[in-house]
Amino acid sequence: MPDIDPCRILLVEDDPGDAHLVRQLLRAASEPRFEVVWVEDFASAQEKLSREPPHVLLLDLSLPDSNGIDTVLAGRRAAGPLPLIVLTGRDDTHFALQALEAGAQDYLLKGSFDADALVRAIRYAISRARLEQSLAETSTHLRTLIDAIPDSVFFKDGDGRWLEANNNGLKLFGLEHTAYHGMTDEDLAASGSFFSEAFLACQASDEAAWRAGGICRVEEAVSAPEGPPQVFDVIKVPLFHDDGRRKGLVVVGRNVTERKLAEARLRLSARVFETAGEAILVTDADAAIVAVNPAFSRITGYAEAEVIGKNPSLFSSGRHDKAFFRDMWQSLTSVGSWSGEIWNRRKNGEIYPEWLSASCIRDGDGRITQYVGVFADLSEIRSAQETAEILSWRDALTGLANRAFFLTQLEKALVGAKRENRIAVLMLIDLDRFKDINEARGLTVGDALLKTVAVHLAQSLHADDVLARLDSDEFAVLLPRLVATREAAGREALAVAEKLRGVLRSRIALDGEVFHLDASIGIALFPEEPGEGGTDILRQADTAMHLAKDAGGGGAVFFETAMGETVRQRYELERELRAAVAEGQLRLYLQPQVDAGGRQVGAEALVRWQHPERGLIPPAVFIAMAETSDLIVAVDRWMLANVCRLLAQLDADGRTLRIAVNISPRHFQKPDFVEVVKQQLAVSGADPTHLVLEVTEGLVIGDIADVVAKMTALTTLGIHFSMDDFGTGYSSLAYLKRLPIHELKIDKSFVQDAPSDPNDAALVETILAVAQHLHLKVVAEGVEVAEQAAFLNARGDVVHQGYLFGRPQPVEAWLALVRSQA
């Protein structure tokens, strides 16, 4: 102890004789010199240790205020890292080991040591304390070092028990607050941790490393409480004793998840680069090409070796000026990207359009390192667009112009006729009784015949004439050659019409079969009025064509003033009704439906037309006309939308009433009918169970399977169906049984005379019996007097609708009345 002189000793001994002996022995020592401070109890020792710490603590274990191993433990706590030597008269090896484990550096038996032994013990204790302190500092340094390592580090003994782990390793397995020292992977797995499977996998991997007998490198995945599993590159180093026994295991794991993802992205990018349909070109910061993909070579014709190191100006077509490229490069350098159409030149000299998206890549300091260009060859797209445009104007079956193209040509002819103040001609040709041929010979023969007819008609017309197929068996002809007078135009139109009818009546052979056809032709001369458009002229010709058909077919009819005021008015009314739907001239009316006690249980929605000049027009004037065209569909959908909004309003008021609305067969047969109803319910928020759709018996004449499917789809939502005017049309109990009908509506023609006419009474009673048998609700229309109501009430549970209980009212007035009755 050359660096400790004098060496301060704190002697804690309650026996003065023993204390004197120790002091004498230490004075006898030649070096170092010892300064001994003697206290007789532990409390005094604690005070000395706090005020004047010695170099060594000599501690007797039989003190007045402390005894045995507890004295060693208390002394170690009080002395901290100071060397501690136990003095005792107890000659007990087990007890000595306990004292050393409790923190003593040495154990001396009183009466069994001399001065040399005591000095040696002090020297040893000081050296051991210094060594332990040095080891502790080294351990701290090593701990700091492994904690600073970004990898996960673990140390295990030969039996797989955990000795130590760095912070990253503890965080990996969620062990920051777990006393893991001395536990095996199996112990940790048994604790119910999220990582139980991972611990058992580690145990198996450790065993494989031990069996390998040397450094092992494996890849292991560790599940994470949140996110995907983390992938680790793990190195395991097994350590062995000289005799081959397992000594310890060092495990170092590096998280390579991001690297794996980056490698996968890199492989994907490389795959995309190689297989992309678009050309990809990469240049360095000086715009020298460094890479191209196979699509580049396919589109441009240049092999990769031919362009590496070259400037992209090699492909210039010469179609763009310097300003174009100056703007491109300015956008690239300032914004970082540019995209647009550009014309370039292939290796074979062909100039072609391409859509180019260019961008620049910058390093961490913001310097441009590469430019990337991705472009697609637009020549095929342009060709496809031209082909698609051609197909969009053509009828798929006959190859003739379709309705869209015909209308564009009609509009052009109309503009020209107005500009030149001359007359042009439009003809609509409808093949008579073609439907019979379809039904007798089948659709395949019908389609083949239409194609043959198209060829014959085209061969009979002038090269400037426009021939189109507008519908199944309906063709249109536009004679665009402008004529000075209507008389001359009419004569030419009639001549062409007769020529075309002659072609159809002649022998038309198809697969060995001869067909003799005829046609109803409607002719419109235009312009007729200043504000008319192409669709107006088409409707004029359609009106004339239907007149020809109504006259028995096989003829041509002109649309003009001489046709008669009735046709003119009908045409005007149809045109105005189209405008009425678009301009909001329709009005919603409601007529109440009441039970036997007169309580309103529902209503029927009716439509009125508030004409800006003619006033309120009743439905009898315009509904029949609307039903001859898709106008009725527009009216139906207007009604449906308004009824759904009304139902939602009633529901919001807390008033539950069913509203019935009529649906025309033409509307019901539309492919999108079910979706339209669903959409109106969804948009309005109306309860489907409060909506009643009234259909007529004529609905079942068509495709009964389609009718059942549509009605079933809507009844599934809760919608009710009512059979309107039951008994006046195509009544069939077989059909009625198949349809998901909820109620029958007795026509007012039966109700009117039922109290007095035995025949009407029998019909009404029969309908009521049918309804009762099929568990259907019954609504009687046209109940106008008390006798009719009494007749119905005496024969069943019938809902009444008629003037006796209320006339149709505007929705505002009806709604106010309903609210007042609440």
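Right, let's walk through the structure included here. Because the structure is predicted, anything quoted here is derived from the model rather than measured. (Residues numbered from 1 in each chain as written. Predicted model: local features only at pLDDT ≥ 70, side-chain atom pairs only at ≥ 80, totals over all residues. Heavy atoms only, no water.)

## Observations concerning the packing of helix α21 (residues 631-653) against helix α29 (residues 811-820)
Then comes step 1: Interhelical geometry of α21 versus α29 gives an angle of 20 degrees and a closest axis separation of 12 Å. For the element pair α21 / α29, the angle class is roughly parallel. Relative to α29, the crossing made by α21 is right-handed. On α29, the residues touching Leu 646, Gln 649, Leu 650 and Asp 653 of α21 are Val 811, Trp 814, Leu 815 and Arg 819.
Then comes step 2: For the contact of α21 with α29, the residue count by class is 5 nonpolar, 1 polar and 2 charged. (Axes fitted to C-alpha atoms, helices over the stretch in contact; angles between N-to-C directions. Helix = DSSP H or I, 4+ residues; strand = E, 2+ residues; numbered from the N terminus. Parallel < 35°, antiparallel > 145°, perpendicular 65-115°, else oblique. Left-handed = near helix turned anticlockwise from the far one by under 90°. Contact = heavy atoms within 4.5 Å. Nonpolar A, V, L, I, M, F, W, Y, C, P; charged D, E, K, R; others polar.)

## Side note on the nonpolar core
Then comes step 1: In this structure, Leu 691, Leu 693, Leu 744 and Trp 814 are the most contacted members of the largest nonpolar core, which totals 77 residues.
Then comes step 2: No other element matches the 12 residues that α21 contributes to this core.
Then comes step 3: Aside from chain neighbours lying at most four places away, what touches Leu 744 is Met 723, Phe 726, Leu 736, Ile 767, Val 770, Ala 771, Leu 776, Lys 777, Val 778 and Val 779.
Then comes step 4: Counting 35 residues, the second-largest nonpolar core is a separate cluster that includes Leu 400, Ala 497, Leu 500 and Leu 510. (Core = buried A, V, L, I, M, F, W, Y, C linked by side-chain atoms within 4.5 Å. Buried < 20%, exposed > 50% of the residue type's maximum accessible area, 1.4 Å probe, protein only.)

## Description of the environment of Trp 814
Then comes step 1: Mapped onto the secondary structure, Trp 814 falls in helix α29.
Then comes step 2: For Trp 814, a relative accessible area of 1% translates into the label buried.

## Topic: the pairing of strand β1 (residues 7-12)
Then comes step 1: Of all 6 residues that make up β1, 5 are buried, and the element is covered over most of its length.
Then comes step 2: Strand direction decides the pairing type here: β1 and strand β2 (residues 34-39), joined by 6 bridges, are parallel. Within β2, the position partnered with Arg 8 by the bridge is Glu 35.
Then comes step 3: Regarding the hand of the β-α-β motif, the stretch spanning β1, helix α1 (residues 16-28) and β2 is right-handed. (Pairing = 2+ DSSP bridges. Right-handed = clockwise from strand over helix to strand, strands pointing away.)

## Looking at helix α28 (residues 786-793)
Then comes step 1: Buried within α28 we find Gln 788, Ala 789, Phe 791 and Leu 792. Along the axis of α28, the buried residues cluster in a sector spanning 160 degrees; they form a single face.
Then comes step 2: Those residues of α28 hidden inside the fold are in contact with α26 (748-751), α27 (758-773), β32 (777-781) and β33 (798-801). (Arc of directions from axis to C-beta.)

## Quick look at the pairing of strand β9 (residues 162-165)
Then comes step 1: As paired elements, strand β8 (residues 152-157) and β9 share 3 bridges and run antiparallel to each other. When the sheet's bridge partners are listed, Phe 155 is paired in β9 with Glu 164.

## Let's talk about the packing of helix α15 (residues 434-441) against helix α16 (residues 443-459)
Then comes step 1: Interaxial distance between α15 and α16 falls to 6 Å at its minimum, and their mutual angle equals 135 degrees. Comparing their axes, α16 and α15 come out oblique. The residues of α16 that touch α15, namely those facing Phe 434, Ile 437, Asn 438 and Arg 441, are Leu 443, Val 445, Gly 446, Leu 449 and Leu 450.

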